[in-house]
Amino acid sequence: MLNLHLPHAVSAWLSNLTGQGRAPRKDASDTVMQWPPTAARVLVSAERHAHKCIAQALALEHPKGFLLAHVPLHKLVRVPKQYSYREWLSRTGLLTVDFALCDEHGYARSVVLLPVADEPRHSRKRDRLLRVLGATELAVTPWNREWQNESSDRLRDTLFPKPRASGYYADTPHAH
């Protein structure tokens, strides 16, 4: 004898026709549905310690300034308008600085770079980053872990090496 379970098969066929009884289909092109994102830690332990020390030194130099982490290079450096911004971005778009110290007007005044791993790829990216930053007037300082024990005044002098003349106002915009 043939056992077809006809009532169950008919019920499933009707549910399929009406769209009832099934989970909503995920769109294959929807990345969020396919790979659900979660929040990540932005700064690792060494970066958090450096951030704390740098923030204290920045507060002495630019009391109303900003300390930004993981800043893309194209946000810090501008190219002359006669050149292609798209080409500039394709060459430098993936380069970032670890910390940018900005005055109250949002102009970067100093850059701090944390040490990188001794891998050829990281070294080439760091060399390219240093070459671009070297062409600017930004003070570029490689982070030294021992500075965590330095006073904020001494660290400020290290991060902002330009001598301050009499009548200096820390938070006035400077001509570029």
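Structure shown above.
First things first, this report covers the structure right here in the doc. (Residues numbered from 1 in each chain as written. Predicted model: local features only at pLDDT ≥ 70, side-chain atom pairs only at ≥ 80, totals over all residues. Heavy atoms only, no water.)

### Concerning the pattern of salt bridges
Side-chain pairs of opposite charge can arise where the charged atoms are in close proximity.
Next, step 1: Summed over all chains, the structure comprises four salt bridges.
Next, step 2: Among the ionic pairs, Asp-98 bridges to Arg-126, the shortest N-O distance being 3.7 Å. Taken together, the residues span a long stretch of sequence, with Asp-98 in strand 2 (residues 96-102) and Arg-126 in helix 6 (residues 120-134) at a distance of 28 residues. Across the pair, exposure class does not vary: Asp-98 and Arg-126 are buried alike.
Next, step 3: We note a salt bridge from Arg-109 to Asp-103, for which the minimum N-O separation is 2.8 Å.
Next, step 4: We classify Arg-109 as buried; its relative accessible area is 16%.
Next, step 5: Asp-103 gets classed as buried once you look at its relative accessible area, which sits at 0%. (Salt bridge = Lys/Arg side-chain N within 4 Å of Asp/Glu carboxyl O. Helix = DSSP H or I, 4+ residues; strand = E, 2+ residues; numbered from the N terminus. Buried < 20%, exposed > 50% of the residue type's maximum accessible area, 1.4 Å probe, protein only.)

### Observations concerning the layout of surface pockets
Summary: where empty space remains is shown by rolling a probe the size of a single water molecule over the atoms.
Next, step 1: Empty space within the second largest pocket amounts to approximately 270 Å³.
Next, step 2: As for the second largest pocket, its lining consists of Leu-94, Leu-95, Thr-96, Asp-98, Leu-114, Pro-115, Val-116, Arg-121, His-122, Lys-125, Arg-126 and Leu-129.
Next, step 3: Listed by contribution, the elements that provide at least two residues to the lining of the second largest pocket are strand 2 and helix 6.
Next, step 4: The dominant element in the lining of the second largest pocket, judged by the number of residues it contributes, is helix 6, at five residues. (1 Å grid on protein atoms, 1.4 Å probe; cavity = no way out; pocket = protein on both sides within 12 Å on 5 of 7 lines; lining within 4 Å. Points joined across faces, edges and corners; volume = space filled by probe spheres on them.)

### Some points on the packing of helix 3 (residues 45-61) against helix 7 (residues 152-159)
Next, step 1: Where helix 3 contacts helix 7, the two axes come as close as 8 Å, and the packing angle between them is 80 degrees. Regarding the angle of helix 3 to helix 7, the classification is roughly perpendicular. Note on element contacts: helix 7 touches helix 3 through Ser-152, Asp-153, Leu-155, Arg-156 and Leu-159, opposite Cys-53, Ile-54, Gln-56, Ala-57, Leu-60 and Glu-61.
Next, step 2: For the contact of helix 3 with helix 7, the residue count by class is six nonpolar, two polar and three charged. (Axes fitted to C-alpha atoms, helices over the stretch in contact; angles between N-to-C directions. Parallel < 35°, antiparallel > 145°, perpendicular 65-115°, else oblique. Contact = heavy atoms within 4.5 Å. Nonpolar A, V, L, I, M, F, W, Y, C, P; charged D, E, K, R; others polar.)

Function cannot be inferred from these measures alone, as they are strictly geometric.
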